[in-house]
Amino acid sequence: MSQVSMKKLQLPKSVLDMKFMKRSKDRIERELENTKGHEELYSNIITNEMRSATGNYVSEASFIYCEDLLEGRLSFKGMNPEIERLMELENAVKKGYGDMKKDVSDEDLLRNVEKLRKRKSETTPPSQYVFKKQKTR
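Residues numbered from 1 in each chain as written. Predicted model: local features only at pLDDT ≥ 70, side-chain atom pairs only at ≥ 80, totals over all residues. Heavy atoms only, no water.

If you check an unreviewed UniProt entry, the protein appears there as M-phase phosphoprotein 6 from Papilio machaon.

In C-alpha cells:
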C-alpha cells in the first residue's frame, strides 16, 4: 500500500463488506488502483519527498520579482491591434529607439526664448490695443 493511502482514514473491511457500503467499497478500490497506476507511471519522476511534501510555498516580502513581468494585456497575431501597437512602442522605448537626438542645443533654445520674451514685452500690451471701426456700406 502507498503512503498516500495509509495517511487516509480507512473504514474497516467488515464495514465495507456490508450491503449499503458497496458503492463506497467500489470507489475506494478504484482509487487504490488509480494511485497504483500513477505510481508506476511516474515512479521515476515523483520522489518520496514530493509525495509527503505539503505547504511548499515561499512568501516574499519584496515585490522586486514583479518588476520584469509582462504587461497584463497581451495580443497575438493581430487579435487586438491596439494592444500590439502599444507593446511595439514600449519595446522601442526600452531598446532606445524612442530617444530623439537634439537638433538645437539647450543654450540656443534658451537664447531664442529670451529673445521672444523681450520682443513680447516691447510691444504694447493687449489691454492698450485700439480697435478701429470698419466702415459698413
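Picking up after the structure, the text goes on.
Asker: Could you clarify how one ought to interpret the overall build of the protein in this entry?
Answerer: Across its full length, the protein carries six helices and zero strands. Its helices and strands taken in sequence order, the protein reads α-α-α-α-α-α from the N to the C terminus. Expressed as a percentage of its 137 residues, the buried residues of the protein come to 4%. Carbon and sulfur atoms form 56% of the exposed surface of the protein, whose accessible area is close to 14,300 Å². (Helix = DSSP H or I, 4+ residues; strand = E, 2+ residues; numbered from the N terminus. Buried < 20%, exposed > 50% of the residue type's maximum accessible area, 1.4 Å probe, protein only. Areas by Shrake-Rupley, 256 points an atom, 1.4 Å probe, with all protein chains shown as cover.)

Asker: Looking at this structure, I do not really get the pattern of salt bridges. What am I missing?
Answerer: Two side chains with opposite charge may pair up if their charged atoms get near one another. This structure, assessed with the given rule, holds four salt bridges. Here Glu-31 makes a salt bridge to Arg-27, at a shortest N to O gap of 3.4 Å. A residue pair is termed a helical-turn pair when its members lie 3 or 4 positions apart in one helix, as Glu-31 and Arg-27 do in helix 3 (residues 22–41) at four residues. In this structure Arg-27 comes out as partly exposed when scored by relative accessible area, which is 40%. (Salt bridge = Lys/Arg side-chain N within 4 Å of Asp/Glu carboxyl O.)

Asker: Sorry if this is basic, but what is going on with the environment of Ile-83 here?
Answerer: Considering the arrangement of structural elements, one finds Ile-83 in helix 5 (residues 81–95). Separated by 10 residues in the primary sequence, Ile-83 and Arg-73 have C-alpha atoms spaced 7.2 Å apart. The contact partners of Ile-83, leaving out residues within four places of it in the chain, are Arg-73, Leu-74 and Ser-75. (Contact = heavy atoms within 4.5 Å.)

Asker: Can you walk me through the confidence of the model for the protein in this structure?
Answerer: Low pLDDT marks regions whose predicted coordinates should not be analysed in detail. Of the residues in the protein, 76% have a pLDDT of 70 or more, and the chain-wide mean is 76. Taken element by element, the protein is modelled with least confidence in helix 1 (residues 3–7), mean pLDDT 51, and with most confidence in helix 6 (residues 106–122), mean pLDDT 87. (pLDDT = per-residue confidence, 0-100.)

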